[in-house]
Each structure stands twice: as C-alpha cells, then as structure tokens.
Amino acid sequence: MEQRKFLSGRSLKWIAVVTMFIDHLGIVLSAGVSTEIWRTMRIVGRLAFPIFCFLLAEGFYHTRDVKKYLARLGVFALLSEIPFDLVVFRRLWHPDYQNVFFTLFLGLLLLYLYNRFLANRQPVYAVMTVVSMLCLAYLIHCDYGAEGVLIIYLFYYFRFRPAAMYISTALVMVFMGG
C-alpha cells in the first residue's frame, strides 16, 4: 500500500518561509507593536527553524552535490551576516552572534563529514565530528547554537525512525526553551 504524503517539501518550505517572515517582521516592528503582538509573531516564527532543519536533513539525502550545497549555504551565511547584524543589533558587524545560516551550514557539514567517516569505517571520527560541530556552533555563537546543529543531526540520524525523531527533537527544543 502506497503511503501518501501529508505535506510536500515545497509546501513545508513555504510554511517555513512565511513563518520566518512573520518572525523577522516582529523583530523589525518590535518598537511599534504591542508586547502581545510581538510575542505572537515570535512564537509563530519559531516554527520555521525545525522545518528548515528537517528540509536540510532530507535535502542531504537527495542532493547530487553536497559540496555545492555546502558552498551555497556558506556563501549565503557570509552575505546575510551584515544585513542580519544591521537589523538585529543595529551595527554593521556583531561578532558575538551569527545568523541561522551558519547553523544550517554547520549542520550540513556535520552530515557530510559524518557520512564520509562512516563510509570509510571510521566511527570514532564520525562521533568526533558530531562533538566538534556542536562545540564549534557553541563557540561561534550561531543562531540556535549547538542545539540547532543537534536538531539537524537528529532529523538525519532518526530519519527512518519517526517516533525517535519526534521525541528526540522535541526534547532538544524543550531544553532550548521552545
């Protein structure tokens, strides 16, 4: 029996983009709207990140060229840092906090290296890669931090075990405070 998809990848992408837009609009309008409206916009916006993490983990399976995918994410992380810092910190550059594309880049890099080490039968290096990427995310203060990179890894690792995927990512998100 063929299993039908509830939502396509494209639909999920649009949901993530719209919720992210609402979140960012809340940041930009923070001084001009009530606390309740601002908080609602931010809560709605929090839906975007786990959706993007899921899509990234799925995209890792389906991309033909992970290196190009990594390059695009890395370039976009660098290019979007100045606008991000201007909007969020009202400064041209704020070295103490990096935008979400750094988190996504580190998550994809983790999946790529993890798989390379497992393919070469080097499980110790694969585990070291997980720990290293989590530490790096923490050290560079990327958006969602090490927990964000961990969510990407959990979506990947438990891809064929949906219950474990939902429970583990939910636990990390609760730990993160949302």
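Keep in mind the model is a prediction, meaning the values are calculated, not measured.

Q: I tried to follow the overall build of the chain on my own but got confused; where do I start?
A: Counting its secondary structure elements, the chain contains eight helices and zero strands. Relative to a compact globule of 178 residues, whose C-alpha radius of gyration would be 16 Å, the chain shows 17 Å and is just as compact. Referenced to the eigenvectors of the C-alpha coordinate spread, the extents of the chain come out at roughly 55 × 45 × 30 Å. Residues counted as buried form 38% of the 178 residues belonging to the chain. Of the roughly 11,400 Å² of accessible surface on the chain, 68% is carried by carbon and sulfur atoms. Where the 17 positive side-chain charges of the chain centre and where its 10 negative ones centre are 10 Å apart.

Q: How do you make sense of the packing of helix α1 (residues 9-28) against helix α2 (residues 35-45) when you look at a structure like this?
A: A pair of packed helices is characterised by two quantities: the angle between their axes and the separation of those axes. Contact pair α1 / α2: the axes reach a minimum separation of 7 Å and the direction vectors enclose 145°. In this structure, α1 crosses over α2, and the sense of that crossing is left-handed. Contact residues: α1 offers T19, I22, D23, L25, G26 and I27, while α2 offers W38, M41, R42, V44 and G45. Split into classes, the residues belonging to the contact of α1 with α2 amount to six nonpolar, three polar and two charged.

Q: What is the right way to read unusual backbone geometry from this model?
A: The phi torsion of most residues other than glycine is negative, and most of the peptide bonds are trans. In this model, R90 sits at a positive phi of 60°, which is unusual for a non-glycine residue. Tracing the sequence through the fold places R90 in the loop between α4 (66-89) and α5 (100-119). Residue Y144 is not a glycine yet carries a positive backbone phi of 70°. Mapped onto the secondary structure, Y144 falls in the loop between α6 (123-139) and α7 (145-157).

Q: Which parts of the structure should I look at to understand α6?
A: The periodicity of an α-helix, 3.6 residues per turn, causes residues three or four places apart in sequence to face the same way. For α6, spanning 17 residues, the distance from its first C-alpha to its last is 24 Å, which sits close to the expected 24 Å at 1.5 Å a residue. Of all the residues in α6, the buried ones are A126, T129, V130, M133, L134 and A137. End-on, the buried residues of α6 take up no more than an arc of 120°, which puts them together on one face. More than 90 degrees from the buried face of α6, the exposed residues found are V124, V127, Y138 and L139. Turning to α6, the residues buried within the fold contact α5 and α7. Positive phi appears at H141, one or two residues downstream of α6, with a value of about 60°.

Q: Can you walk me through the environment of V172 in this structure?
A: Note on placement: V172 falls in helix α8 (residues 162-176). Sequence separation between V172 and V66 is 106 residues, and the spatial gap between their C-alpha atoms is 26 Å. Beyond its immediate sequence surroundings of up to four residues, V172 is in contact with E147, L150, I151 and L154.

Q: I keep staring at the packing of aromatic side chains and nothing clicks. Help me out?
A: What describes a pair of aromatic rings is the distance from one ring centre to the other and the angle between the planes of the rings. A complete count under the given rule lists 15 aromatic pairs for this structure. For the ring pair Y61 and Y156, a centre distance of 5.4 Å and an interplane angle of 25° mean the geometry is stacked. In this pair, Y61 is assigned in helix α3 (residues 48-62) and Y156 in helix α7, connecting sequence segments 95 residues apart. Judged by relative accessible area, which is 32%, Y61 ranks as partly exposed. Residue classification places Y156 among the buried residues on the basis of a relative accessible area of 10%. Here the aromatic rings of Y61 and F160 are separated by 6.2 Å at their centres, their planes lie at 70°, and the arrangement is edge-to-face. Separated by 99 residues along the polypeptide, Y61 in helix α3 and F160 in the loop between α7 and α8 bring together distant segments of the chain. Judged by its relative accessible area of 66%, F160 is exposed.

Definitions and limits used
- Residues numbered from 1 in each chain as written.
- Predicted model: local features only at pLDDT ≥ 70, side-chain atom pairs only at ≥ 80, totals over all residues.
- Heavy atoms only, no water.
- Helix = DSSP H or I, 4+ residues; strand = E, 2+ residues; numbered from the N terminus.
- Rg over C-alpha atoms; globule rule 2.2 N^0.38 Å.
- Buried < 20%, exposed > 50% of the residue type's maximum accessible area, 1.4 Å probe, protein only.
- Areas by Shrake-Rupley, 256 points an atom, 1.4 Å probe, with all protein chains shown as cover.
- Lys, Arg positive; Asp, Glu negative; His and termini not counted.
- Charge placed at Lys NZ, Arg CZ, Asp CG, Glu CD.
- Axes fitted to C-alpha atoms, helices over the stretch in contact; angles between N-to-C directions.
- Left-handed = near helix turned anticlockwise from the far one by under 90°.
- Contact = heavy atoms within 4.5 Å.
- Nonpolar A, V, L, I, M, F, W, Y, C, P; charged D, E, K, R; others polar.
- Expected span 1.5 Å × (residues − 1).
- Arc of directions from axis to C-beta.
- Phe/Tyr/Trp six-rings, centres within 6.5 Å; stacked < 30°, edge-to-face > 60°.

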